[in-house]
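Each chain, letter by letter, is given below.
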Amino acid sequence: MNPDDLHEFAQVLFDDAPTPLAGQGPAGWGPVDGRDVCLAVAGAASEVRVRALAARTGRPLVTVFAGDDADHDGGAADLRVLGALARDSAALSGVVPQIAVVLTTADREAALLLPLADLAVAVRGARSALADPAAAETVTGTARSAGDLGGADLHAEVTGRFAHVAEDAAEAARFVRDVLAHLPSNNRATAPRLPDAGPDPAEDDPELAGLLPTEPGAPYDVREVVARLADDDLVELHTAHAPHVVTAFARIDGWSTGVVATQPAVRGGALDAAAAGKAARFVRWCDAFGVPVLTLVDTAGAVPAGEDDEGAPTAALARLLYAYAEATVGLVTVLTGRAHGPARLALGSGHVGADLVLAWPRARTGERDEFAAAARASAADDWRALVREAAAAAEPVEAVRRGDVDAVVDPGTTRTHLAAALRLLHRKTGQQPARRHGNVPL
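Cut-off values and rules
Residues numbered from 1 in each chain as written. Predicted model: local features only at pLDDT ≥ 70, side-chain atom pairs only at ≥ 80, totals over all residues. Heavy atoms only, no water. Pairing = 2+ DSSP bridges. Helix = DSSP H or I, 4+ residues; strand = E, 2+ residues; numbered from the N terminus. Contact = heavy atoms within 4.5 Å. Axes fitted to C-alpha atoms, helices over the stretch in contact; angles between N-to-C directions. Expected span 1.5 Å × (residues − 1). Buried < 20%, exposed > 50% of the residue type's maximum accessible area, 1.4 Å probe, protein only. Polar contact = N/O pair within 3.5 Å; in protein donor to acceptor, adjacent residues only side chain to side chain.

1. A few points about the sheet that holds strand β7 (residues 164-166)
- Spatial ordering of the open sheet is given by β1-β2-β3-β4-β5-β6-β7, a layout of 7 strands whose pairing is mixed. Two strands lie at the open edges of the sheet, namely β1 (19-20) and β7, each paired on one side alone.
- Across the face of the sheet, helix α8 (residues 169-180) comes into contact with β2 (28-32), β3 (35-41), β4 (61-65), β5 (98-102), β6 (119-123) and β7 while running at roughly 160 degrees to β6.

Laid out in structure tokens, this is it:
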């Protein structure tokens, strides 16, 4: 364990010195932006006590993995503790925000606990893996380093387990502070609102439309669009994983808002299993803590793949559809461009439960996605012609007539509409049927 990194993390995370619990260094609780947050150190004797404190008081829980390979070594004495930690994580899920931070390693049994948190952050050079390199080489016959098995970059880019990789403990703490600022302390509280933090929502933004290309299907960075709609900087999660969909927290007229936006700059914003899974988990997290979700849709559709292909999106799109269908928070969808194929149903459709669906004049709600058009085309020119033909027949006014869209709005007035919708939906109520829990299509 590097105590300097751990203490630096705690020093930056808390406004003031935390109150220690059972004499375990920085483990305990303290203020973060004026609200109390519990900090546990994985493997420390006080970890179970800190988790119990978070449960009793309804405070967010940050767990730091700052140990070495000896922590959580899976011995008989630890098995009871590990089981208790797993039960605690499951019991706290959806009750208080849980954030895990890996400063060094989270290997073996600890690697199983890490994904139980709502969000995992790592410092560059950290790792998490079930198997050690020697065991992996024995089984596979191939020598692999610890980083190859479960390094920070691998989990940030491939598995999506790490939502952010910080350069050091201080940056990791600042990122955790930014995330917590958008979340309530627990599922019965509301996220802090910061009014007057951005432009007047009643003022139009005539420059917004200029960010968009005139040709349907042309790439652009959707983050620039979201930035014009938001009050301040975005807190983007999983930037390196499935970049063809953006998940981020933002404030709009002071309201904390979860943003799911397809990214036309990467693969035409098309959804595969990784992108759909990334969006589904984020929507469910926002819903668990009462954070409304804004969905921006400009997608070529779902990536075509055989059901046995790696990355086949069917099951993941079903999970995304389920996430929107079960959500009780305010849901606002803006069709900024193409809304093709099954993706348009899975991405915050009004028929699935969105409270308000807006479309920009450039939006196109085609019945078939562009990949299907490509399959029917014998040449690139034929594909472009089919896309133009479909676009001409899919004007947003037709979507309004069908009831797929509530209104067509000018891009420059979108922020005004969003602010009004978020204000209205702040008191949204929903009655769920009596049941133990739904059966998510895992």
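2. Quick look at helix α10 (residues 273-288)
- Between its first and last C-alpha atoms α10 spans 22 Å; for 16 residues at 1.5 Å apiece the expected length is 22 Å, and the two agree.
- Buried within α10 we find A275, A276, K278, A279, A280, F282, V283, W285, C286 and D287.
- One side-chain oxygen at the N-terminal end of α10 lies 3.3 Å from the backbone nitrogen of A274; it belongs to D272.
- Positive phi appears at G290, one or two residues downstream of α10, with a value of about 70 degrees.

3. Things to note about the pairing of strand β10 (residues 255-262)
- Where burial is concerned, most of β10 is hidden: 8 out of the 8 residues are buried.
- The alternating pattern of β10 places W255, T257, V259 and A261 on one face and S256, G258, V260 and T262 on the opposite face, and all of these are buried.
- Counting the residues between successive antiparallel strands, the hairpin from strand β9 (residues 245-252) to β10 contains 2 residues, one of them, D253, with a positive phi of roughly 55 degrees.
- Pairing of β10 with strand β11 (residues 293-299) involves 4 bridges; the strand directions are parallel.

4. Examining the environment of G341
- Its location among the elements puts G341 in the loop between β12 (331-339) and α12 (343-346).
- Overall, G341 belongs to the buried group, its relative accessible area being 13%.
- When the C-alpha atoms of G341 and A302 are compared, they prove to be 6.8 Å apart, with 39 residues separating the residues in sequence.

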